[in-house]
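# Notes for the structure review
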Amino acid sequence: MRQNKARETLAFCLGILFLACLVQTAGWIRQDRLVFPDVAEILRAFFRLLTTPHTYLLIWTTLRHLLQALVVSSFFGLLIGLAEGFSDFFRSMMRPVMIFLRSIPMIVMVVILMVLTRYDRVPLLATSLFLIPLISEATNEGCRGIDPDLIDVYRLNSSFNGTVLTRVYLPLMAGYWKQAYTSAVGMGLKLVVSTEYLVQTRNSLGKAINNSSYFNEYQDIYAYALIMILLVLLVSELPLWLEKLFSKAGEPG
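Residues numbered from 1 in each chain as written. Predicted model: local features only at pLDDT ≥ 70, side-chain atom pairs only at ≥ 80, totals over all residues. Heavy atoms only, no water.

### Considerations on the overall build of the protein chain
When helices and strands are tallied, the protein chain shows 11 helices and zero strands. Counting helices and strands in the order they occur from the N terminus, the protein chain gives α-α-α-α-α-α-α-α-α-α-α. In the protein chain, the proportion of contacts linking residues at least 24 apart, taken out of those at least 6 apart, comes to 72%. For the protein chain, the exposed area adds up to about 15,700 Å²; of that, 66% sits on carbon and sulfur atoms. (Helix = DSSP H or I, 4+ residues; strand = E, 2+ residues; numbered from the N terminus. Contact = heavy atoms within 4.5 Å. Areas by Shrake-Rupley, 256 points an atom, 1.4 Å probe, with all protein chains shown as cover.)

Structure (structure tokens):
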């Protein structure tokens, strides 16, 4: 187990080194160190941003939008997914809506929402709408993948209710949800930052990237990209760390 973990860590570090080499090579090919600065310059910008208090305000604004979008999309995705899992008719009825949400270009969705609501709500609403199909599909597949014998067992004792949902359905769908959230976190952060960039949300990573682009501070843009990668790793891995921590705490001494 430890050997596999060490190999995964080594492979991850080699991947980071490969990305650094790509940036260096692109700068060498284009002979443009403004757009493709040295890796050392990017790292200096990265550590400078990490030691700037204002950076954490930007991170909190973007992270708040992401967490809110995950909560909203989880709530509606769960409801829609369960309804699709229980009813073939409802699933067929919602299919055009889900195809629409998956297929519509993000810029079109953002422009529509900018007309319909306040700009500060757009990052939350746009990201939630794009993530709902991902969560609902995972819920639907998880619901339909449950062993029918297990469903027959609970039906002998009671009808479907909140207790059955939390103690039967949700635990059995955990694998589907885990995979969906792994994708939702990375996709959601990119969507949040992109919408913040488009609507110029104050004190956000999207706004900061726009400012860096305007002043040709490309080393800061790459540094913000590194911060976003760390945020994705943190948000996606934190539930797993907490699960392991609580499982160890619950073990008898």
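### What about the environment of Leu-189?
Within the secondary structure, Leu-189 is located in helix H9 (residues 174–199). When its relative accessible area of 1% is taken as the criterion, Leu-189 is described as buried. For Leu-189 and Leu-67, which are 122 residues apart along the polypeptide, the C-alpha to C-alpha distance reads 9.4 Å. (Buried < 20%, exposed > 50% of the residue type's maximum accessible area, 1.4 Å probe, protein only.)

### Some details on the packing of helix H3 (residues 53–86) against helix H6 (residues 122–144)
For the pair H3 and H6, interaxial distance at closest approach is 6 Å and the crossing angle is 35°. At the point where H3 passes H6, the crossing takes the right-handed sense. Of the residues that constitute the contact of H3 with H6, the class distribution is 14 nonpolar, 12 polar and two charged. (Axes fitted to C-alpha atoms, helices over the stretch in contact; angles between N-to-C directions. Left-handed = near helix turned anticlockwise from the far one by under 90°. Nonpolar A, V, L, I, M, F, W, Y, C, P; charged D, E, K, R; others polar.)

### Some words on the environment of Val-97
Position of Val-97 among the secondary structure elements: in helix H4 (residues 88–103). Separated by 36 residues in sequence, Val-97 and Pro-133 place their C-alpha atoms 8.9 Å apart.

### Let's talk about the pattern of salt bridges
In the structure shown here, the tally under the stated rule is five salt bridges. Arg-144 is paired through a salt bridge with Asp-88; the nearest N and O atoms lie 2.6 Å apart. Of this pair, Arg-144 sits in helix H6 while Asp-88 is found in helix H4, placing the two residues 56 residues apart along the sequence. By relative accessible area, which is 52% here, Asp-88 ends up exposed. (Salt bridge = Lys/Arg side-chain N within 4 Å of Asp/Glu carboxyl O.)

### Details of the packing of aromatic side chains
Inspection of every chain in the model, using the stated rule, returns four aromatic pairs. Ring geometry for Phe-46 versus Phe-47: centroids 5.3 Å apart, planes at 70°, classification edge-to-face. Of the residues examined, Phe-46 reaches a relative accessible area of 9% and is grouped as buried. Consider the rings of Trp-177 and Tyr-181, whose centres lie 5.6 Å apart with planes at 55°: the pair is tilted. Pair noted here: Trp-177 and Tyr-181 are both in helix H9, with a separation of four residues, about one helical turn. (Phe/Tyr/Trp six-rings, centres within 6.5 Å; stacked < 30°, edge-to-face > 60°.)

### Here's the deal with a nonpolar patch on the surface
On the surface, Ile-107, Val-108, Val-111, Ile-112, Val-115, Leu-116, Tyr-197 and Leu-198 cluster together into a nonpolar patch covering about 710 Å² of accessible area. Here the nonpolar patch gets six residues from one element, more than from any other, and that element is helix H5 (residues 106–116). The topology assignment puts Ile-112 in helix H5. Assessed through its relative accessible area of 38%, Ile-112 is described here as partly exposed. (Patch = residues over 30% accessible without salt bridge, like charges linked within 9 Å, V, L, I, M, F, W, Y side chains within 5 Å.)

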